[in-house]
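# Examining the three-dimensional arrangement
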Amino acid sequence: MAVDKKSFILYSDLITVVEKLIVKDRVNGTNNAGELFYHLLKYVNDQDPSTDNFIVEMAFEPIKQQLKRDLKKYETIREKRAEAGKKSAELRAQQAQQMSTSVDFVEPNPTSVNTCQQSSTNPTDNVNDNVSVNGNDTVNVNDINSLLGAVAPKTDKTGSKKKFGKPEFKSVLLQMGVLEQHADDWMKVRVAKRATFTESAINLLINECEKNNFSVADAVRICAEHSWQGFKYSWVQNVNNNGKTAITANQSRQQRIDEVSEFRVDNQQSIAERLQKHISGSQ
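Residues numbered from 1 in each chain as written. Predicted model: local features only at pLDDT ≥ 70, side-chain atom pairs only at ≥ 80, totals over all residues. Heavy atoms only, no water.

Per an unreviewed UniProt entry, the protein goes by the name DUF6291 domain-containing protein and belongs to Sphingobacterium yanglingense.

Written out as structure tokens, the structure is:
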């Protein structure tokens, strides 16, 4: 057994061997089945057991080989998770460095927007200032500064806006140790649900995993398996508590709330970018 490993897998097909031992034990008045189980427990507790009972030795040999194979799988998985955690820490450090060196976003002067319309709606001369973007979205001019300030786009050292889309989204997932197949499957789910591939979305995933000490690779795999647009650790707990069944009504409702919240963040960022482009073009 590995250090600090307190469990092991015992396969159900072992019952065929144990049944035959029990039958012989009852006929011969022996206790080979009990000795086999005791021998197994001593082995997994690293007590290096030995026996003079040839029947127990022969019955235990295939069990021993399977335990060794399982231990190798366990060590491989643990190494991958450790590597994923290391990459996650490095990525956070890079993001922190980028944030500390990013160029501050300068708020534009609202008076430079040529499409502002002012209309008096009552005797108290209240002014309603609106700006129309592409003829569709209308945003109050008084809120432009606060909106742009809240979701100011990240810039590189040259001051130009960084592009972040599907390739970058997938690249971050792979850096976090996510298997490419799981990443592709989850991205297909997000496309089907019309979810965006933004830094905000990837940061929500990473923060949720870090907060609950949960592997990003496992989170993406589970999202792909359950067709989840986003990820909440509480959803995993609900699935584990209820077995591999459909999610509960409360979980489904909370999932929709979280997805709407994510959509609003992404949509706010999109509107801010369009406003900035419109303002820059009108100057």
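## Things to note about the pattern of salt bridges
A full pass over the atoms with the stated rule returns nine salt bridges. Taking the shortest distance from any N to any O, the salt bridge between Arg221 and Asp218 comes out at 3.7 Å. Of the two residues, Arg221 and Asp218 are both situated in helix H8 (residues 216-226); the distance of three residues between them amounts to about one turn of the helix. By relative accessible area, which is 27% here, Arg221 ends up partly exposed. Two residues, Arg221 and Glu225, come together in a salt bridge whose shortest N-O distance is 3.2 Å. Taken as a pair, Arg221 and Glu225 lie in helix H8 at a separation of four residues, close to a single helical turn. Sharing partners across several salt bridges, the network here consists of Arg81, Asp218, Arg221 and Glu225. (Salt bridge = Lys/Arg side-chain N within 4 Å of Asp/Glu carboxyl O. Helix = DSSP H or I, 4+ residues; strand = E, 2+ residues; numbered from the N terminus. Buried < 20%, exposed > 50% of the residue type's maximum accessible area, 1.4 Å probe, protein only.)

## Digging into the packing of helix H5 (residues 166-175) against helix H6 (residues 180-192)
Close contact between H5 and H6 brings their axes to 10 Å; oriented N to C, the two are set at 140 degrees. In this view, H5 runs oblique relative to H6, as classed from their interaxial angle. The two elements H5 and H6 cross, and the hand of that crossing is right-handed. Note on element contacts: H6 touches H5 through Glu180, Ala183, Asp184, Trp186, Met187, Arg190 and Val191, opposite Lys166, Phe169, Lys170, Leu173 and Leu174. Here the residues of the contact of H5 with H6 sort into seven nonpolar, no polar and five charged. (Axes fitted to C-alpha atoms, helices over the stretch in contact; angles between N-to-C directions. Parallel < 35°, antiparallel > 145°, perpendicular 65-115°, else oblique. Left-handed = near helix turned anticlockwise from the far one by under 90°. Contact = heavy atoms within 4.5 Å. Nonpolar A, V, L, I, M, F, W, Y, C, P; charged D, E, K, R; others polar.)

## Some details on H5
All of the buried residues along H5 are Phe169, Lys170, Val172 and Leu173. Down the axis of H5, the sector holding all buried residues measures 155 degrees, keeping them to one side. Downstream of H5 by one or two residues, Gly177 has phi in the positive range, about 90 degrees. (Arc of directions from axis to C-beta.)

## Some details on a nonpolar patch on the surface
A surface patch of nonpolar side chains, about 260 Å² in accessible area, is lined by Leu10, Phe37 and Leu41. Mapped onto the elements of the fold, Leu10 is located in the segment before helix H1 (15-28). (Patch = residues over 30% accessible without salt bridge, like charges linked within 9 Å, V, L, I, M, F, W, Y side chains within 5 Å. Areas by Shrake-Rupley, 256 points an atom, 1.4 Å probe, with all protein chains shown as cover.)

## Regarding the side chain of Asp70
By the secondary structure assignment, Asp70 is in helix H3 (residues 54-101). One buried charge, Asp70, has no salt-bridge partner; the nearest side chain with opposite charge is Lys73, at 4.7 Å. In terms of polar contacts, Asp70 uses its side chain to reach the side chain of Tyr11, at 3.0 Å. Apart from the residues within four sequence positions on either side, Asp70 is in contact with Ile9 and Tyr11. (Lys, Arg positive; Asp, Glu negative; His and termini not counted. Polar contact = N/O pair within 3.5 Å; in protein donor to acceptor, adjacent residues only side chain to side chain.)

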